[in-house]
Amino acid sequence: MNRATLTLLALLLICALSLVSAQQRGRKLVTAIERAQIEERKLNQEWLRLEYEQRNLSKSARIRDAARNQLNMSPISPNRTIYLREER
Amino acid sequence: MLFMLFVAFTALVVRALWIQGPGNAFYEAKAVKGTQRELEMSASRGKILDRNGQVIATSLEAKAVIAYNDTVPKDLSDEKIKQLANLLQMREVDVRKKLKDERNQVFLKRQVDPAIAQQIRKLEIPGIGLNNEFRRFYPEGEAMAHVVGFTNVEDHGQEGMELSRENDLAASTGKRRVVVDRLGRIVEDMGVLQLPQNGKDLKLSVDSKIQYIAYNALKDAVEKHRAKAAGAVVINVQTGEILALANWPSYNPNDRKILSGEQLRNRVMTDTFEPGSTIKPFTVALAMEKGQVNPNTVMTIGAKYLVGPKPITDTHLYPSLTVAEVIQKSSNIGTSKLAMNMPASEMWDLFTAVGFGQTPKVGFPGAVAGRLHPHQKWMPTDQARIAFGYGISTSLFQMARAYTIFARDGELVPVTIEHSPDYKAGVRVISAKTAIEMRSMLESVTEAGGTAIKAHAEGYRVGGKTGTAHKVAGKGYSTNKYLAYFTGIAPISAPRIVVAVMVDEPTANGYYGGQVAAPIFSTIVSETLRAMNVAPDSTVKNMVQRDDAIKPGSVAPIQRVVLTQ
């Protein structure tokens, strides 16, 4: 066998091995993407849940209750309000 | 011997060829089954938001707990069953019954909280599986129930916007094929078979805050007057958006056990009633529009007016009234006298133009048309009574929408439940002059001498019309069952909202529209306009002109918060 054949054989081997490793890497990446997508979904759900909780805590009914009963506030009345008007 | 070997080898070769060739499909399918899977790609139903982007309906992940009864061990320990029943908040007997079910696959419970599902998984009972699904949540609860409606356990809309906008809100799950390794990890994506489609979010015109104001005002009034039901609607007259639409009784859409019966009814949209005096402004406006009268024209009224077999009467005796006073005092005689001077067709045309007798196109399930007979069928006695609201029926929503012609200088505004905050062009029904004159007549109703002084809202000039109708009972009218209404506009100087209120069968502390419905109107108007940041147009104390010359400290502190101490 001459040198050229040997070089080609070596190249072929390298190619074959790198193909295997590339395929392996590809599969690993797919798994990683899957995992990330599951995580994304989870976080999305978490966000929806938090949005819902925040909404629950900021409901008009709750604010009114807290203002009246805990903070002893009362509704404003125009009689006790000073209105500022811009001069025209 | 050699021959035998030859035959054996030939058989092997044939078999090998068979497997590689024509018989290949079977093995290929087997291999694919082992390594390829079809996965469901979940998609969630769209959210419903209010005009400020606040969530009023949202889907959160939940789990369905399923028992595969051929896998669940028959000798499952009592301890485990007890723990399972506790976690599911079910009785032990019920759990046992379901585990003994003939069918292989039984739902133990659906829409279980994910945290609880996790604990169930930790029990490690063979054959108990968890499926992904969604559960709908409604943070506003009772206050918004009739607007949003609700979905069933399969996530399909059943009432309200959930039903009418089902096509947009609904999600469709997708499917994809993947290759998995022996541990079940996905190693290759073979592609999507069907794209998942999330439902579209829906933004409504309703304002949670105003909705809450309206709902609460109704709730308080129903308690005070021991009424059967009540409804209210608030419309922004500039944009035609429904800002609030409240009903009492209501229900909590988060609680599946009570989603049936009377309280589901969206009375504002689906119940029709005889509007009584709230319709008078239309009859009077038509007479003014035709130039027959002006607000100062004096009319003879008297004790009764004979049209047909039964005389028309008023609650008080007025020898004479101006046209403006006919509205202010709500005179039946005055209104029917005006009506009898007009052709029936013209009255019918006006009533039809403002939407009576026609199904409103607003996207609510079950919205009704009400009843307005063709004018050819009107007898004179019908015409005289339709003029003050008997023999015609409308929903509260139709009435509120019709009043936009007075708020919008004669134009009827297209009304919508979807968020669309730009100014809408209306359809002209009466002239601006008539509408403006009618507005000041409506304002006089809420002033001294009017029928609805209690409609007066602090800080704002308001106008409107009361109505009290006997309820239809059997073939005639009930003598002691009433409907009380008030429909009005505020602020009068530059109208922003129309509010219509209805109270069904008030039994305590009065029953007239002016006593029962007007105070609700007053509460809703003053709180809504404040929430909308509308400056007061009536004289209030402490009005301060902005003037930079004022020395610091000479201006009292400004109170601009919703609640102050």
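See the structure printed just above.
Residues numbered from 1 in each chain as written. Chains lettered and ligands numbered in written order. Predicted model: local features only at pLDDT ≥ 70, side-chain atom pairs only at ≥ 80, totals over all residues. Heavy atoms only, no water.

Asker: I tried to follow the overall build of chain B on my own but got confused; where do I start?
Answerer: The number of helices and strands found in chain B is 19 helices and 21 strands. The globule rule puts the C-alpha radius of gyration for 565 residues at 24 Å, and the 33 Å found for chain B is more than 25% above it. Structurally, chain B occupies a C-alpha span of about 135 × 70 × 50 Å along its principal axes. Counting the 565 residues in chain B, one finds 51% classified as buried. (Helix = DSSP H or I, 4+ residues; strand = E, 2+ residues; numbered from the N terminus. Rg over C-alpha atoms; globule rule 2.2 N^0.38 Å. Buried < 20%, exposed > 50% of the residue type's maximum accessible area, 1.4 Å probe, protein only.)

Asker: Hey, could you run me through the environment of B:E162 in this one?
Answerer: All names here are of chain B. Mapped onto the secondary structure, E162 falls in helix α7 (residues 160–164). Sequence separation between E162 and F150 is 12 residues; the distance between their C-alpha atoms is 5.8 Å. Contact partners of E162, with chain neighbours within four places excluded, come to R45, I48, A57, R136, Y138, V148, G149, F150, T151, G157 and L169. (Contact = heavy atoms within 4.5 Å.)

Asker: What am I meant to see in the pattern of salt bridges here?
Answerer: Any two side chains of opposite charge can pair if their charged atoms end up close together. In this structure the tally under the stated criterion is 34 salt bridges over all chains. In this structure, B:K47 and A:E51 form a salt bridge, with 3.1 Å as the shortest nitrogen-oxygen distance. In this pair, B:K47 sits in the loop between β1 (36–41) and β2 (48–49) while A:E51 sits in helix α1 (residues 3–57), so the two residues belong to two different chains. Take B:K47: its relative accessible area is 11%, and that puts it in the buried class. Two residues, B:R96 and B:E92, come together in a salt bridge whose shortest N-O distance is 3.5 Å. Residue B:R96 and its partner B:E92 are both found in helix α4 (residues 92–99); the two are separated by four residues, about one turn of the helix. One salt-bridge network, held together by shared partners, links B:R45, B:R136, B:E162 and B:E166. (Salt bridge = Lys/Arg side-chain N within 4 Å of Asp/Glu carboxyl O.)

Asker: Hey, could you run me through the side chain of B:T466 in this one?
Answerer: Residue and element names in this part refer to chain B. Structurally, the position occupied by T466 is in strand β17 (residues 463–473). The exposure class of T466 is buried, given its relative accessible area of 6%. In terms of polar contacts, T466 uses its side chain to reach the side chain of T451, at 3.2 Å. Side chain to side chain, T466 and K465 meet in a polar contact 3.3 Å long. T466 has contacts with S277, T278, T451, A452, Y485, F486, G513 and G514, leaving out every residue within four places of it along the chain. (Polar contact = N/O pair within 3.5 Å; in protein donor to acceptor, adjacent residues only side chain to side chain.)

Asker: What should I look at first to understand the sheet that holds strand β19 (residues 497–504) of chain B in this one?
Answerer: Where strands meet in a sheet, backbone hydrogen bonds hold them as pairs that are either parallel or antiparallel. Residue and element names in this part refer to chain B. If you walk across this open sheet you meet the five strands as β10-β9-β19-β18-β17, and the pairing is antiparallel. The open sheet is flanked by β10 (242–248) and β17, the only strands paired with a single partner. In this sheet, adjacent strand axes meet at a mean angle of 10° when their direction is disregarded. Two strands pair when backbone bridges link them, and strand β18 (residues 476–490) and β19 are joined in this way by eight bridges, in the antiparallel orientation. In the strand pairing of β19, T487 is matched with A500. (Pairing = 2+ DSSP bridges. Axes fitted to C-alpha atoms, helices over the stretch in contact; angles between N-to-C directions.)

Asker: How should I be thinking about the packing of aromatic side chains in this particular structure?
Answerer: Given two aromatic rings, their pairing is described by the distance between the two centres and the angle made by the two planes. Residues and elements named next belong to chain B. By the definition in use, this model includes 13 aromatic pairs over all chains. Each ring, one from F26 and one from Y27, has its centre 5.0 Å from the other, and the planes form 85°; the classification is edge-to-face. Centroid distance F282 to F406: 5.1 Å. Interplanar angle 40°. Geometry classified as tilted. One end of the pair, F282, is in helix α11 (residues 280–289); the other, F406, is in helix α17 (residues 404–407), with 124 residues separating them in the sequence. By relative accessible area, F406 is classed as buried at 0%. Members of the aromatic cluster, connected to one another through ring pairs, are F282, F351, F356, Y403 and F406. In this structure, R110 is placed above the aromatic ring of F107, and the distance from its NZ or CZ to the ring centre is 4.5 Å. (Phe/Tyr/Trp six-rings, centres within 6.5 Å; stacked < 30°, edge-to-face > 60°. Lys NZ or Arg CZ within 6 Å of the ring centre and 35° of its normal.)

Asker: Can you help me understand the pairing of β10(B) in this one?
Answerer: Remark: a regular strand shows side chains that alternate across the two faces of the sheet. All names here are of chain B. Counted residue by residue, β10 has six buried out of seven residues, so it is predominantly covered. As paired elements, strand β9 (residues 229–236) and β10 share six bridges and run antiparallel to each other. Across the sheet, residue G231 finds its bridge partner in β10, namely N247. Taking the residues that link successive antiparallel strands as the turn, the β9-β10 hairpin has five residues, and the phi of G240 there is positive, at about 75°.

Asker: Explain the side chain of B:R165 here, please?
Answerer: All names here are of chain B. Tracing the chain through its elements places R165 in the loop between α7 and α8 (166–169). Of note is the side chain of R165, whose polar atom sits 2.4 Å from the side chain of D168. What R165 contacts, discounting residues up to four positions off in sequence, is L202 and E418.

Asker: For this particular structure, what's the right way to read unusual backbone geometry?
Answerer: The general pattern is negative phi for most residues beyond glycine and trans for most peptide bonds. Residue and element names in this part refer to chain B. P249 follows W248 through a cis peptide bond whose omega is 5°. In this fold, P249 is placed in the loop between β10 and α10 (267–270). In this chain, A490 is followed by P491 through a cis amide linkage whose omega measures -20°. Following the sequence through the fold, P491 ends up in the loop between β18 and β19. Positive phi outside glycine occurs at Q89, with the angle close to 55°. With respect to the element layout, Q89 can be found in the loop between α3 (78–88) and α4. Looking at Q89, the relative accessible area reads 67%, which means it is exposed. The residue N533 is not glycine, and still its phi comes out positive at about 65°. Within the secondary structure, N533 is located in the loop between α19 (513–531) and β20 (543–545).

In short, geometric facts, not functional conclusions.
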